[in-house]
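Residues per chain are reported as follows:
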2 protein chains.
Amino acid sequence: MVFSWFGMRKRRVVAPTLKPRQEKVEREDKVDLKDMSPDVVPFLAQVAYFELAVFESLTRAVTAAPTLAAKEGLSAAAGEVLAKHHGLVAELRKKKVDPAEEMAPFAPAIDKFEELTGGRNWYEMLLGVYLTAGFLDDFFVRLVPSLPKALAGRVEILLETDRSAEVIVALLKEGIEADPTLASRLAVWGRRLVGDTQLVARSALHMSDNRADDEQRIEPVFTDLIAAHSRRMDELGLTA
Amino acid sequence: MVFSWFGMRKRRVVAPTLKPRQEKVEREDKVDLKDMSPDVVPFLAQVAYFELAVFESLTRAVTAAPTLAAKEGLSAAAGEVLAKHHGLVAELRKKKVDPAEEMAPFAPAIDKFEELTGGRNWYEMLLGVYLTAGFLDDFFVRLVPSLPKALAGRVEILLETDRSAEVIVALLKEGIEADPTLASRLAVWGRRLVGDTQLVARSALHMSDNRADDEQRIEPVFTDLIAAHSRRMDELGLTA
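Residues numbered from 1 in each chain as written. Chains lettered and ligands numbered in written order. Predicted model: local features only at pLDDT ≥ 70, side-chain atom pairs only at ≥ 80, totals over all residues. Heavy atoms only, no water.

Identification of chain A as Ferritin-like domain-containing protein from Aurantimicrobium photophilum is taken from an unreviewed UniProt entry.

Opposite the 24 residues of chain B that make contact, chain A presents 24 residues. Overall, the association of chain B and chain A removes approximately 1800 Å² of surface from exposure, summing both partners, and the carbon and sulfur fraction of that is 66%. Together, E56(B), L68(B) and E72(B) form the three largest contributors to the area buried by chain B at its contact with chain A, with a combined 30%. Seen at the junction of chain B and chain A, the total is two salt bridges. (Contact = heavy atoms within 4.5 Å. Buried area = accessible area lost by both parts, 1.4 Å probe. Salt bridge = Lys/Arg side-chain N within 4 Å of Asp/Glu carboxyl O.)

Our next topic: the side chain of D137(B). With respect to the helices and strands, D137(B) occurs in helix 6 (residues 122-143). The residues contacting D137(B), other than those within four sequence positions of it, are F50(B), E51(B), K84(B), L159(B) and D162(B). (Helix = DSSP H or I, 4+ residues; strand = E, 2+ residues; numbered from the N terminus.)

Note on the copies: chain B fits chain A at an RMSD of 0.0 Å, the axial shift is 0.0 Å, and the rotation between them is 180°. Put plainly, the chains are arranged around a two-fold axis. (Least-squares fit on C-alpha atoms with pLDDT ≥ 70 in both.)

What follows covers the environment of L151(B). Residues and elements named next belong to chain B. Position of L151 relative to the elements: it lies in helix 7 (residues 149-160). What makes L151 buried here is its relative accessible area of 4%. Once the C-alpha coordinates of L151 and V40 are considered, the two residues, 111 residues apart in sequence, prove to be 9.4 Å apart. With residues near it in sequence (within four places) discarded, L151 still touches V40, L44, E91 and K95. (Buried < 20%, exposed > 50% of the residue type's maximum accessible area, 1.4 Å probe, protein only.)

In this section: the confidence of the model for chain A. With 86% of its residues at a pLDDT of 70 or more, chain A has an overall mean of 84. For the stretch residues 1-31 of chain A, pLDDT sits under 50, and the model shows 38 contacts to residues farther than four places along the chain or on other chains. (pLDDT = per-residue confidence, 0-100.)

Let's shift gears to the packing of helix 9 (residues 181-203) of chain B against helix 10 (residues 211-235) of chain B. Pairs of packed helices are described in terms of their axes, by the angle between the two and the distance that separates them. Residues and elements named next belong to chain B. Contact geometry of helix 9 with helix 10 gives a least axis separation of 11 Å together with a crossing angle of 150°. It follows that helix 9 is roughly antiparallel to helix 10 by the angle criterion. Here the hand of the crossing between helix 9 and helix 10 comes out right-handed. Contacts between helix 9 and helix 10 pair A187, G190, R191, V194, Q198, A201 and R202 from the former with E215, I218, F222, I226, H229 and M233 from the latter. (Axes fitted to C-alpha atoms, helices over the stretch in contact; angles between N-to-C directions. Parallel < 35°, antiparallel > 145°, perpendicular 65-115°, else oblique. Left-handed = near helix turned anticlockwise from the far one by under 90°.)

So, about helix 7 of chain B. Residue and element names in this part refer to chain B. Under the 1.5 Å per step criterion, the end-to-end length of helix 7 is 17 Å for twelve residues, consistent within 8% with the ideal 16 Å. Among all positions of helix 7, only L151, A152, V155, L158 and L159 are buried. Along the long axis of helix 7, the arc covered by the buried residues comes to 130°, so they all point the same way. Those residues of helix 7 that are exposed and aimed more than 90 degrees away from the buried face are K149, A150 and I157. (Expected span 1.5 Å × (residues − 1). Arc of directions from axis to C-beta.)

Given below as structure tokens:
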């Protein structure tokens, strides 16, 4: 059910396929990048490689964890992200393509991204994974409706079953509570991550010849994604 | 069904609860460390921590993998080992104990062991994981029958569902085929691992006051485990 609190004030703006930004948009309102969406195989491959990279980042956080309880929680989180990766690889196999071959073109940019967002210490590492994976999972979920219907359903389930965020949030909160100076350092780090994360998302989109038009269509989506990013920061008591 | 090709020649030796060593022993013949077995919680905790350590080693191998196909295969292997770990942690939770707390006493020795057996390069890393996890999983499986029956059934299934070995063997064979000098270096490495691996296994056993008697009971078990180790080396074309 689509219900708009802003219905009375709603007006058509420059990009006619887009609804005005709302704080709480319904899923249907979010599907507005359809004809800019990547093809099925590259989409699955990019998301699969991204999840593999997130898994690797989490395993580094497992190795560097200061307590066995943290190691334990993060390894469970890593397992969930790995399951996403394997689910996507399984979808690639169903398409009769070689997953490694299809993922390869996305590896350099994503590896570079993981390096940039890896952080200088364990807490930055955790915040980096949490914020970038949060942002990009959000973004990829918005492209899912452009997939063939049955596949879309499966991929949506794959991308949404993830409790890894809870584990990371709990560990970050613990750290911030124990050392309040951590909050300001993490806030700076969290703000720094947004730019690079947006670039990865944009790289997944098909741009047309009309750049200005593309930007007008993309802008509200990214505004939404950034709002979600700010909520993640807020939840941790960090100023976005 | 227990059937012994050596039935005619079978004779009782020094340790009356032990059957003589056979090349292909049946499961029932292997259960001979019962009263040296650790208590349930420490057993589950040690194996759980060991599987977590194997998972961490495998994730290092994922990160260092030279190809995306290798990364892909090894991440699947890591996922299987992680599932073992989580299955054991779930059993610890059923016992109403804190898994992290129970695993903690085993961490220093196992961490040290993983460091010693980590290898100096990717292939040594792979061989290290394969041989040490093979040896110790074998060993732990032999202690399973001393657990309460229902638990024993579940733990046995947990410890046996693992295709990670196949992936590693395939990668090692590929490497040895591409560079035949690798075989002799890996053979040296494989032989070096046996001593430390045995020490980890022995540390799990309850020793009595009668050291000589203990040794007589342990010896045939370790002879078996070493024979299995040699078969793993042979399969890779390495001289044990």
